[in-house]
Amino acid sequence: MNEPRPLLILKQLSKTYGDNRVLDSFDLTIFDGEFFTLLGPSGCGKTTVLRMIAGLEDADVGEILLAGQDIARMPAEKRPVNTVFQSYALFPHMTVFDNVAFGLKMSKVPKEEIKPRVMEALEMVRLGDFAQRKPNQLSGGQQQRVAIARAVVNRPKLLLLDESLSALDYKLRQQMQVELKRLQRKLGITFVYVTHDQEEALSMSDRVVVMYKGKVQQLGTPREIYEQPANLFVAKFIGEINQLDGEIVAIDGNHEYEVKVEGMQWTLHAEHNFKVGDRVNVLLRPEDLRVEYLEDVQTSQTLVGKIVERNYKGKTLDSIIRLPSGAELITSEFFDEDDPSFDYSLNQSVAVKWVPGWEVVLPYEAAH
Amino acid sequence: MIRTFRFGFLALILFFIYLPIGVLVVNSFNDSRYGTSWQGFTLKWYERLLANESLMTAATHSLTIAVVAATVATIIGTLGAVALYRYQFRGKAALSSMVFISMLTPDIVMAISLLIIFIAIGIELGFISLLLAHITFCLPFVIIAVYSRLRGFDVKMLEAARDLGASESRIFWKIILPLAVPAVASGWLLSFTLSLDDVIVSAFVTGPGYEILPLKVYSMVRVGVSPEVNAISTLLLVVSLVLVIISQLLLREER
């Protein structure tokens, strides 16, 4: 594997609409050939970033370097990037073929080259037989693929995808996720994907940036973001997570701390540096928690609570457990071959455990 | 019971609306000077019509005005509609509602205001004043026809075109215009008909040197309804009807 080569560098991008600062000194580096995702809730500025890269919106200040060249002031039609829009935005009066050929015609590609390139792009998205159809004769998923073909046929340095799958239904979306990822690997084009769907972001991306209020919250691989969220916002935005209050009572050194949680003292691992007396949030993923029947528990060093809700989810049994402090934990347990029919009754007292080290300890923040 | 009543009511309305027109059309083929009774089928009123030189001149004038006014109104109106669709600007909402209002302005108000302005800036009443007046009252119809069609298309499409390398003028010629064509044609036809049978505005802004058909017919009627008037009215009716139908079909197509 070669050293990753930066392809796109965003420097200090800012944008304000009226009083609303949508983007605040935003820095980002995207590497050549990666599948990069901008993830965040609506209004976090992710789409603005994408539109600035495309040239459909101007930054108030800042630089956009594409392969070393500042394109921030270059008009959209001159930039070597292409976009797949959320609404597909196909040209309704043109056939699928003409839609895909549009970009090539605009850049004056020789006529004899257009046809093979268009057909190649259509074959790639498995729409070779649909070249002469009009967009309104295609299903949503097919239109989506035309939009992708129309963009990639121009061989852009960067392909921008704006919530491109969100208009599709669940099944189709899952299928397109796999297809997009495969396409990206095949083409070797850098994909910049914008979404508010964390599952989509985790499953497709090489790297993800989580944005909130125009700022970067965390940048990393899907695994880093899921397993080591940098702050409470990221932890809660990506997947479900349980949050318990705690206090540092002693430092064992080497990122190990004695933490008081739910009236008990625990030895926990934390990436952050804390002082004795610091308040912390202890975060636990529902699937990292193990629920045990009280009679099976040998140690007293365990959380004990009452089942207040149990939901059969097919693959998992999801329960809500209320602790004596009033805090509630969500757990999600897979059925396994040892005990394929386990279940709890409401109000049953159970013990909750987790694998030491799988907890995330962050500085205390008031809930978002 | 209720069904028969509903049907009968509707039939009655249509009867009221179409009876006079029907009488007029029938009489234009009636071989009788006064049209009080049916004397047999004839085309002689149509023949006389064609032989009537002053009437034919007026018809030529009317057609000239209608073609030029419709064409100019269509060009300006289409560009206006494209601007409303394509660009975001201050006062856009006010502008588009003003277009509607001008369409609903009573003819008489428009007629008087145009007359005043022509006199004020010293435009001689005749061809030019008629043409300007007709362009003015046709314009909102074109804008609304074209704008409402364009509004049905995703604006993101234009961003997609830019993103694929199309310049502003390419976007207009390759994307916006082809999509607008049915509405543009329909706007032209509508303008043509509006211009061809306008009486009120024309009566105010015309001059003695340039007589147009509706006004000519009007002056002929003053001395009694002649069968030629029936014939020319029937022709106007047919032309208007055909054009309106075509324009409606153009808009309905591919929806």
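For the structure itself, look to the data block above.
So, how was this worked out
- Along each chain, the written sequence defines residue order, and numbers are assigned to residues from 1.
- Note on labels: chains are lettered from A, ligands numbered from 1, in written order.
- Predicted model: local features are reported for residues with pLDDT of at least 70 only, side-chain atom pairs are reported and counted for 80 or more only, and whole-chain, interface and lining totals are derived from all residues.
- Note: side-chain values were computed over all heavy atoms of the structure, leaving out hydrogens and water.
- Secondary structure elements are defined from DSSP: runs of H or I of at least 4 residues count as helices, runs of E of at least 2 residues count as strands, and each element is numbered from the N terminus.
- Buried residues are those whose accessible area, probed at 1.4 Å on protein chains only, stays under 20% of the maximum for their type, while exposed residues exceed 50% and partly exposed ones sit between those limits.
- Residue contacts follow a heavy-atom distance rule, with two residues in contact if any of their heavy atoms lie within 4.5 Å.
- Shrake-Rupley sampling with a 1.4 Å probe provides the accessible areas, and residues are treated as covered by the protein chains on show and by no other component.
- Two parts lose some accessible area (1.4 Å probe) when they are put together, and adding that loss for both gives the buried area.
- We count a salt bridge whenever a side-chain nitrogen from Lys or Arg sits within 4 Å of a carboxyl oxygen from Asp or Glu.
- Counted as a polar contact is a pair of N or O atoms within 3.5 Å, where, for protein atoms, one must be capable of donating a hydrogen and the other of accepting one, and residues adjacent in sequence contribute only when both atoms are in side chains.
- Note: two strands are recorded as paired if DSSP finds a minimum of 2 bridges between them.
- Throughout, an axis means a line fitted to C-alpha atoms (over the contacting stretch in the case of helices), and angles, computed between N-to-C directions, take values from 0 to 180 degrees.
- Grouping buried Ala, Val, Leu, Ile, Met, Phe, Trp, Tyr and Cys residues that are joined through side-chain atoms within 4.5 Å yields what is termed a nonpolar core.
- Planes of paired rings set the category: under 30 degrees apart is stacked, over 60 is edge-to-face and the rest tilted, where pairs are Phe, Tyr or Trp rings (Trp by its six-membered ring) whose centres lie within 6.5 Å.

A look at the overall build of chain B
Here is step 1 of the chain: The helix and strand tally for chain B stands at 11 helices and 0 strands.
Here is step 2 of the chain: The N-to-C order of helical and strand elements in chain B reads α-α-α-α-α-α-α-α-α-α-α.
Here is step 3 of the chain: Projected onto its principal axes, the C-alpha coordinates of chain B cover approximately 70 × 65 × 30 Å.
Here is step 4 of the chain: Here chain B holds 255 residues, and 42% of them are scored as buried.
Here is step 5 of the chain: Summarising the internal contacts of chain B: among those between residues at least 6 apart in sequence, 73% fall at separations of at least 24.
Here is step 6 of the chain: Put simply, chain B shows about 14,100 Å² of open surface, and 72% of that area lies on carbon and sulfur atoms.

Examining the interface of chain B and chain A
Here is step 1 of the chain: Taken together, the contact between chain B and chain A spans 18 residues of the former and 23 residues of the latter.
Here is step 2 of the chain: Taken over both partners, the interface formed by chain B and chain A buries close to 1,900 Å², and the fraction arising from carbon and sulfur atoms is 60%.
Here is step 3 of the chain: Considering only the surface of chain B that becomes buried against chain A, B:Arg162, B:Asp163 and B:Leu164 emerge as the three largest contributors, covering 37% of it.
Here is step 4 of the chain: Measuring nitrogen to oxygen at the nearest pair gives 2.7 Å for the salt bridge that ties B:Glu159 to A:Arg51.
Here is step 5 of the chain: Joining chain B to chain A, the criterion identifies 6 residue pairs in polar contact (both at pLDDT 80 or more).
Here is step 6 of the chain: Elements that contribute at least two residues to the side of chain B that touches chain A include exactly helix H7 (156-163) and helix H8 (168-196) of chain B.

With respect to the sheet that holds strand E13 (residues 264-269) of chain A
Residue and element names in this part refer to chain A.
Here is step 1 of the chain: The strand order E13-E12-E11-E14-E20 describes an open sheet built from 5 strands, whose pairing is antiparallel. Every interior strand has two partners, whereas the edge strands, E13 and strand E20 (360-363), have only one. Sheet twist, expressed as the mean angle between neighbouring strand axes with direction ignored, is 45°.
Here is step 2 of the chain: As defined by bridge partners, strand E11 (residues 242-253) adjoins strand E14 (residues 279-284) across 6 bridges and the pair is classed as antiparallel. Bridged to Asp245 within E14 is Asn281.

Section: the pattern of salt bridges
Here is step 1 of the chain: Scanning all chains against the criterion turns up 22 salt bridges over all chains.
Here is step 2 of the chain: A:Arg5 is paired through a salt bridge with A:Asp32; the nearest N and O atoms lie 2.5 Å apart. Linking A:Arg5 in the segment before strand E1 (6-17) with A:Asp32 in the loop between strand E2 (20-31) and strand E3 (35-39), this pair joins segments that are 27 residues apart in sequence.
Here is step 3 of the chain: In this structure A:Asp32 comes out as partly exposed when scored by relative accessible area, which is 34%.
Here is step 4 of the chain: Measuring nitrogen to oxygen at the nearest pair gives 3.3 Å for the salt bridge that ties A:Glu77 to B:Arg162.

Regarding the nonpolar core
For soluble globular proteins, nonpolar side chains are generally found buried alongside one another.
Here is step 1 of the chain: Within the largest apolar cluster, 48 residues are counted, with the highest numbers of intra-cluster contacts made by A:Phe91, A:Phe102, B:Val146, B:Met157 and B:Ile175.
Here is step 2 of the chain: Counting only elements with at least two residues in this core, the list comes to helix H2 (96-106) of chain A together with helix H3 (53-86), helix H5 (107-120), helix H6 (127-151), H7, H8 and helix H9 (200-205) of chain B.
Here is step 3 of the chain: By residue number, the principal contributor to this core is H6(B), which donates 12 residues.
Here is step 4 of the chain: Setting aside its immediate chain neighbours within four residues, A:Phe102 contacts A:Phe91, A:Met94, B:Ala161, B:Leu164, B:Ala166, B:Lys174 and B:Ile175.
Here is step 5 of the chain: Counting residues in each nonpolar core, the second largest holds 37 residues, with A:Phe35, A:Phe130, A:Ile148 and A:Leu161 among its members.

Focus: helix H1 (residues 46-54) of chain A
All names here are of chain A.
Here is step 1 of the chain: Burial analysis of H1 places 8 of its 9 residues in the buried class, the great majority of the element.
Here is step 2 of the chain: Within the span of H1, buried status applies to Lys46, Thr48, Val49, Leu50, Arg51, Met52, Ile53 and Ala54.
Here is step 3 of the chain: Phi turns positive one or two residues past the end of H1, at Gly55, with a value near 90°.

Description of the packing of aromatic side chains
Residues and elements named next belong to chain A.
Here is step 1 of the chain: Applying the stated criterion across every chain, the model contains 15 aromatic pairs over all chains.
Here is step 2 of the chain: Taking 4.7 Å as the distance between ring centres and 55° as the angle between the ring planes, the aromatic pair formed by Phe91 and Phe102 counts as tilted. Of this pair, Phe91 sits in the loop between strand E6 (81-84) and H2 while Phe102 sits in helix H2, and the two are 11 residues apart along the sequence. As far as burial versus exposure is concerned, Phe91 and Phe102 are alike and both buried.
Here is step 3 of the chain: Taken together, the aromatic side chains of Phe35, Phe191 and Tyr193 make up a single cluster linked through ring pairs.

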